[in-house]
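# Geometric and topological summary
These are the residues of each chain, in order.
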Amino acid sequence: MPVNLDVIPDKAPGIVRPHTRRWLLFLPFMLLAGATSTLWFWKNEHTGIAFWFTAIGLPAATWGILFSLRRIGYKCDQIWATSWNREREQLIEEETQRGQRYLCWHGGVSFTTVGKSTEKILSAVLKNTPLMSSVIPRTGGFAVRHTRLGSTTNTIPGVLQEWHGHLKQRISALLNTLPAGMPCYVLLDVHIDQDPQVNAKHAQEVMAMFSRPLRQINGMGFAALDQWIDMTWGIPSALLVIGTQINNRPEVNSGEAATAMLLTNCPMPDERKTVRIHRPECGTNAALTKTLSRALLWTNLQPASVGQAWLTGGALLTDSEWSTACEKNALGLDIQKQCSVIDNITGFTGCTAPWLALLIAATQCREFGITQAVAVQTATDKIWVGCVSAPASDIKDNQDTSL
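To start, this report covers the structure provided alongside it. (Residues numbered from 1 in each chain as written. Predicted model: local features only at pLDDT ≥ 70, side-chain atom pairs only at ≥ 80, totals over all residues. Heavy atoms only, no water.)

## Comments concerning the side chain of Glu 95
Relative to the helices and strands, Glu 95 resides in helix 2 (residues 49-99). Taking the relative accessible area as the measure of exposure, Glu 95 reaches 18% and is therefore buried. The contact partners of Glu 95, leaving out residues within four places of it in the chain, are Val 3, Leu 5, Ile 8 and Trp 298. (Helix = DSSP H or I, 4+ residues; strand = E, 2+ residues; numbered from the N terminus. Buried < 20%, exposed > 50% of the residue type's maximum accessible area, 1.4 Å probe, protein only. Contact = heavy atoms within 4.5 Å.)

Take a look at the structure:
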């Protein structure tokens, strides 16, 4: 389940100590009330030990019992508050450690309008080279600004055949590096032509493409990734993420893309410098500052270590929410130079947008060893923020000792 520190109740309020002065003022009132009542209702002579005990001793004893019960209640409340606050701090620490679980990125491939090279699309985004142009949809009609897949054919079956050939070649080599007994899951984030039959056929072809057994998981986007981190925790496992976005009737300023990447929830013995994919955090436009703060908390790194940000979906940069969040979290990024909007280059690539941004960030991180941030707006009021980092020897590693 996702980590949400906000559902943890607040600290227990401070327990007010009983006011001894008020209780001492209450003692004469009790004595006076007891003496008055005894004189009023006592029918015999006003002498003897029974009379004086009823008139003075009984009210004094009643006051003492009430005062003792109040002090006992105060001590019990104090013990409860201290115990809850201690338990709350332990719960926050445990949830924070769970939030700081990460995945290891072992490699990936992409298929975009510039071809089957992540380095080329990365270079185009860094150089801010627009790739969109006016394209007539595959079904015909008016031209729209769009990026299209397919270097040799414009039909969807032809594009898929080209993508599948590249996918099988590159991903099979990555899967062969995994231990033979390691469970391997697959997340298919597919949107092809808005046709369920085409999507289902694509999923079947992908599942039958590799000789290694794959277990398909449900869900889409970073939400599925967030759940899988905890679903397989404690058992070394791998996750193959395949995203495909192809449209016959594209929207304006949209794009097509296909990506695949291999992740594991533990580092391989011979691969200690694997790029780390940290848990993403989901938030809203209004709470983007807090969302970014939580994403940085999951990385267990200083905000100043973030050297680049990759944005996709919506208008994160133009609406100033992202720049405000960076400023309040002390990221110190140059908004114009170090916050790249992928959509300006490729258009918004739909369900593939989160994975394309993550793939670009991981590729850049592996090359330069600098922490990267990723922000993806998947809906009008839903934004995912995550970080990609390289291992650092001076940071406590909770991952290696937990499996």
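## Details of the pairing of strand 9 (residues 275-278)
Because side chains alternate across strand 9, one face comprises the buried residues Val 275 and Ile 277, and the other comprises Arg 276 and His 278, equally buried. Looking at chain direction, strand 1 (residues 102-111) and strand 9 are connected through 4 bridges and run antiparallel. Opposite Trp 105, over in strand 9, you have Val 275 as the bridge partner. Here strand 9 pairs with strand 14 (residues 382-389) via 2 bridges, running antiparallel. Counterpart to Ile 277 in the pairing with strand 14 is Val 388. (Pairing = 2+ DSSP bridges.)

## Structural notes on the pattern of salt bridges
Pairing is possible between side chains that carry opposite charge, provided their charged atoms lie close to one another. Taken as a whole and assessed by the stated rule, the structure comprises 9 salt bridges. Two residues, Glu 89 and Arg 88, come together in a salt bridge whose shortest N-O distance is 3.6 Å. A residue is classified by how much of its surface remains accessible, and Arg 88, at 14% relative accessible area, is buried. Here Asp 226 ties to Arg 279 by a salt bridge, and the two come within 2.6 Å at their closest N and O atoms. Here Asp 226, found in helix 6 (residues 221-231), pairs with Arg 279, found in the loop between strand 9 and strand 10 (281-283); they are 53 residues apart in sequence, far enough to count as distant. Each member of the pair Asp 226 and Arg 279 is classed as buried. Because the salt bridges share partners, they merge into one network encompassing Glu 95, Arg 98, Arg 101, Asp 226, Asp 230 and Arg 279. (Salt bridge = Lys/Arg side-chain N within 4 Å of Asp/Glu carboxyl O.)

## A closer look at the sheet that holds strand 7 (residues 254-255)
Spatial strand order, 2-3-7: 3 strands in an open sheet with mixed pairing. Edge positions in the open sheet fall to strand 2 (133-135) and strand 7, since each of these has one partner strand only. Pairing between strand 2 and strand 3 (residues 144-147): 3 bridges, direction antiparallel. By the bridge assignment for strand 3, Val 135 is matched with Val 144.

## Here's the deal with a nonpolar patch on the surface
Taken together, the side chains of Ile 65, Leu 66, Leu 69 and Ile 72 make up a nonpolar region of the molecular surface, amounting to roughly 380 Å² of accessible area. Along the chain, Ile 65 turns up in helix 2. The class of Ile 65 is exposed, set by a relative accessible area of 51%. (Patch = residues over 30% accessible without salt bridge, like charges linked within 9 Å, V, L, I, M, F, W, Y side chains within 5 Å. Areas by Shrake-Rupley, 256 points an atom, 1.4 Å probe, with all protein chains shown as cover.)

## Digging into helix 1 (residues 20-41)
Between its first and last C-alpha, helix 1 extends 31 Å over 22 residues, near the 32 Å set by a 1.5 Å rise per residue. Of the residues making up helix 1, those classed as buried are Trp 23, Met 30, Gly 34 and Thr 38. Buried residues along helix 1 cover an arc of 50 degrees about the axis, so they all sit on one side. Residues of helix 1 that are exposed and point more than 90 degrees away from the buried face comprise Arg 21, Arg 22, Leu 25, Phe 29, Leu 32 and Trp 40. (Expected span 1.5 Å × (residues − 1). Arc of directions from axis to C-beta.)

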